[in-house]
Amino acid sequence: MAHNDATLIQILHALKESEGLYVSGAVLATRLGISRAGIWKHIRSLQSMGYEIESHPKEGYRLTAIPDMLLPEEITPNIRTVWLGKNYYYAQEMGSTNDQALMMASKGAPHGTIIIAEKQTQGRGRLNRRWESPERSGIYMSIILTTPLPLRVAPLSMQIAALALVNALRERYDLEASIKWPNDVLIKGKKLAGILAEMQSDQDCVKFLVIGIGINVNQMGSELEGPFRYPATSVASEVGYTLKRQELFLAFLDHFEILYDQFTSHGFQSLHKELESASALLGKTITVHSGNEEICGKALGFTPEGALRLSTKEKKEKIIWVGDVTQIEENR
Ligand code: BT5
């Protein structure tokens, strides 16, 4: 569990500053005005959080490895955003970060609050489908947004989150990902991430919106075998090495904040072209489930309001606002 204990943070800073050299327990105790036993207790807490610390009876303590966990102690000092993630709620395990976020939002959690878990036991997708969230392999997060957007506009934040992830992957790992409208991020046709938007509204306006994002990062082999509706992939299996989730997470936050600010100040249409060029569907023949209908056609693009434009077999243009793309055929 993460701690907000100031003494614990000071000990962690001292260990980090010494860059792998020993720090004496006695010196730490004097500096912080606590007993050596007190220092030991905090060292044990840090170890239980995942920090690898060696202790030596004469030399003191030495930090040998920092865990790749999304602990506030590692994230908060490195966050580069202005409003996103300034309020950061973390737990090693949660049912669903979206459930936690909905509960916190209903109690007034501020705009930009982020909820993070290293593992979810009840991670969910749309229509209550399950989202596999193995411990420390992926990123499982929810963002609380309180911009009073009109009801039909707010869910577009899901596409903004998908674009932010595509941009972060390109910038950080040189990976070409694309968006399967409206809520999946794919690499080479395999699902890398899923996004779930849930909201509470006041008449025509959103009171709060929760955007839940699940990203497969370091999953390998059997963890990606499912059974899933579509083949799955992870960033590690695309780049060929295990990566630091902290880096991808921070890069995602940078991109999401910029795009969301653009969305709320200049409108969704200002991102229309960028979204079209990141789409996995353009020019492809696809099948979409929308309500009780199954519609097949060629994806022409999107309207400036974010709906899908499809050319049906009868060569008629159809606009789809809500749906689930179940099949993408490569053009013959
Ligand atoms: C989604 O739903 O893709 C949205 C997933 C959102 C998950 C995040 S994690 C943080 C936050 N807290 C939550 O509880 N949820 C959000 P959908 O389009 O309905 O796709 C769900 C389907 O994807 C499942 O039925 C499986 O077939 C497949 N699936 C499940 N886990 C997967 C994984 N780790 N990687 C790839 N596919 C997966």
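Residues numbered from 1 in each chain as written. Predicted model: local features only at pLDDT ≥ 70, side-chain atom pairs only at ≥ 80, totals over all residues. Heavy atoms only, no water.

1. Focus on the overall build of the protein chain
Stage number 1. The number of helices and strands found in the protein chain is nine helices and 14 strands.
Stage number 2. Projecting the C-alpha coordinates of the protein chain onto the three principal axes gives extents of approximately 80 × 45 × 30 Å.
Stage number 3. For the protein chain, with 332 residues in total, the buried portion stands at 53%.
Stage number 4. Considering only contacts in the protein chain between residues 6 or more positions apart, those separated by 24 or more positions represent 62%. (Helix = DSSP H or I, 4+ residues; strand = E, 2+ residues; numbered from the N terminus. Buried < 20%, exposed > 50% of the residue type's maximum accessible area, 1.4 Å probe, protein only. Contact = heavy atoms within 4.5 Å.)

2. Concerning the pairing of strand 9 (residues 205-216)
Stage number 1. Of all the twelve residues making up strand 9, ten are buried; the element is thus mostly covered by neighbouring parts of the structure.
Stage number 2. When strand 5 (residues 138-145) meets strand 9, the two strands line up antiparallel, connected through eight bridges. Paired with isoleucine 144 across the strands is valine 210, a residue of strand 9.
Stage number 3. As judged from the ten bridges shared by strand 8 (residues 190-202) and strand 9, these two strands associate in the antiparallel manner. If you follow leucine 196 over to strand 9, its bridge partner there is glycine 212. (Pairing = 2+ DSSP bridges.)

3. Details of the packing of aromatic side chains
Stage number 1. Evaluated as defined, the whole model comprises seven aromatic pairs.
Stage number 2. On the numbers, 5.7 Å between centres and 25 degrees between planes, the contact of phenylalanine 256 with tyrosine 260 is stacked. Residue phenylalanine 256 and its partner tyrosine 260 are located together in helix 8 (residues 245-266), separated by four residues, close to a single helical turn.
Stage number 3. Taking the relative accessible area as the measure of exposure, phenylalanine 256 reaches 0% and is therefore buried.
Stage number 4. Lying across the ring of tyrosine 22, arginine 62 places its NZ or CZ 5.4 Å from the centre.
Stage number 5. One cation-aromatic arrangement involves lysine 180 over tyrosine 230; the distance from NZ or CZ to the ring centre is 4.4 Å. (Phe/Tyr/Trp six-rings, centres within 6.5 Å; stacked < 30°, edge-to-face > 60°. Lys NZ or Arg CZ within 6 Å of the ring centre and 35° of its normal.)

4. Focus on the nonpolar core
Stage number 1. Of all hydrophobic cores here, the largest spans 76 residues; its most connected members are Ile215, Leu248, Phe249, Phe252 and Phe256.
Stage number 2. Excluding residues that lie within four positions of it along the chain, isoleucine 215 makes contacts with Gly138, Ile139, Met141, Leu165, Leu192, Ala193 and Leu248. (Core = buried A, V, L, I, M, F, W, Y, C linked by side-chain atoms within 4.5 Å.)

5. Focus: the site of the ligand
Stage number 1. Taken together, 27 residues sit near the ligand, with Ser96, Arg124, Arg129, Lys191 and Asn216 positioned nearest.
Stage number 2. Surface burial for the ligand is 96%, taken as the share of its 800 Å² of free accessible area covered by protein chains.
Stage number 3. Elements with a contribution of two residues or more to the shell around the ligand: helix 5 (97-106), strand 5, strand 8 and strand 9.
Stage number 4. Within the shell around the ligand, the residues separate by chemical class into seven nonpolar, twelve polar and eight charged. (Near = heavy atom within 4 Å. Areas by Shrake-Rupley, 256 points an atom, 1.4 Å probe, with all protein chains shown as cover. Nonpolar A, V, L, I, M, F, W, Y, C, P; charged D, E, K, R; others polar.)

6. Re the sheet that holds strand 10 (residues 285-290)
Stage number 1. Reading across from one edge, 13-12-11-10-14 is the order of the five strands in this open sheet, with antiparallel pairing throughout. Edge strands, defined here as strands with exactly one partner in the open sheet, are strand 13 (317-320) and strand 14 (324-329). Taking each pair of neighbouring strands and ignoring which way they run, the sheet shows an average axis angle of 45 degrees.
Stage number 2. By the bridge criterion, five bridges tie strand 10 to strand 14 in an arrangement that is antiparallel. Following the sheet pairing, valine 288 is matched in strand 14 by valine 325. (Axes fitted to C-alpha atoms, helices over the stretch in contact; angles between N-to-C directions.)

7. Considering the pattern of salt bridges
Stage number 1. Tallying each qualifying case throughout the model produces 20 salt bridges.
Stage number 2. Note that arginine 245 is salt-bridged to aspartate 68, the shortest N-O span being 3.5 Å. Note that arginine 245 is positioned in helix 8 and aspartate 68 in the loop between strand 2 (60-65) and helix 4 (72-75), a separation of 177 residues in sequence.
Stage number 3. By relative accessible area, which is 0% here, arginine 245 ends up buried. (Salt bridge = Lys/Arg side-chain N within 4 Å of Asp/Glu carboxyl O.)

8. Comments concerning the side chain of glutamine 120
Stage number 1. Residue placement: glutamine 120 occurs in strand 4 (residues 114-120).
Stage number 2. With relative accessibility at 9%, the residue glutamine 120 sits in the buried group.
Stage number 3. At a separation of 2.8 Å, a polar atom in the side chain of glutamine 120 contacts the main-chain amide nitrogen of threonine 97.
Stage number 4. Here serine 133 takes part through its side chain, which lies 3.0 Å from a polar atom of the side chain of glutamine 120.
Stage number 5. Look past the residues within four positions of glutamine 120 in its chain and what remains in contact with it is Met94, Gly95, Ser96, Thr97, Trp131, Ser133 and Tyr140. (Polar contact = N/O pair within 3.5 Å; in protein donor to acceptor, adjacent residues only side chain to side chain.)

9. Here we look at a nonpolar patch on the surface
Stage number 1. On the surface, a nonpolar cluster with roughly 320 Å² of combined accessible area is contributed by Ile319, Trp321 and Val322.
Stage number 2. By secondary structure assignment, the location of tryptophan 321 is in the loop between strand 13 and strand 14. (Patch = residues over 30% accessible without salt bridge, like charges linked within 9 Å, V, L, I, M, F, W, Y side chains within 5 Å.)

10. Section: the sheet that holds strand 9
Stage number 1. Spatial strand order, 3-4-5-9-8-7-6: seven strands in an open sheet with mixed pairing. Strand pairing shows two members of the sheet lacking a second neighbour, strand 3 (88-94) and strand 6 (178-180), which therefore form its edges. Adjacent strand axes in the sheet meet at a mean angle of 20 degrees when their direction is disregarded.
Stage number 2. Packing against the sheet, helix 8 makes contact with strand 3, strand 4, strand 5 and strand 9, and its axis sits at approximately 30 degrees to strand 5.

The quantities given are spatial measurements derived from coordinates; they are silent on function.
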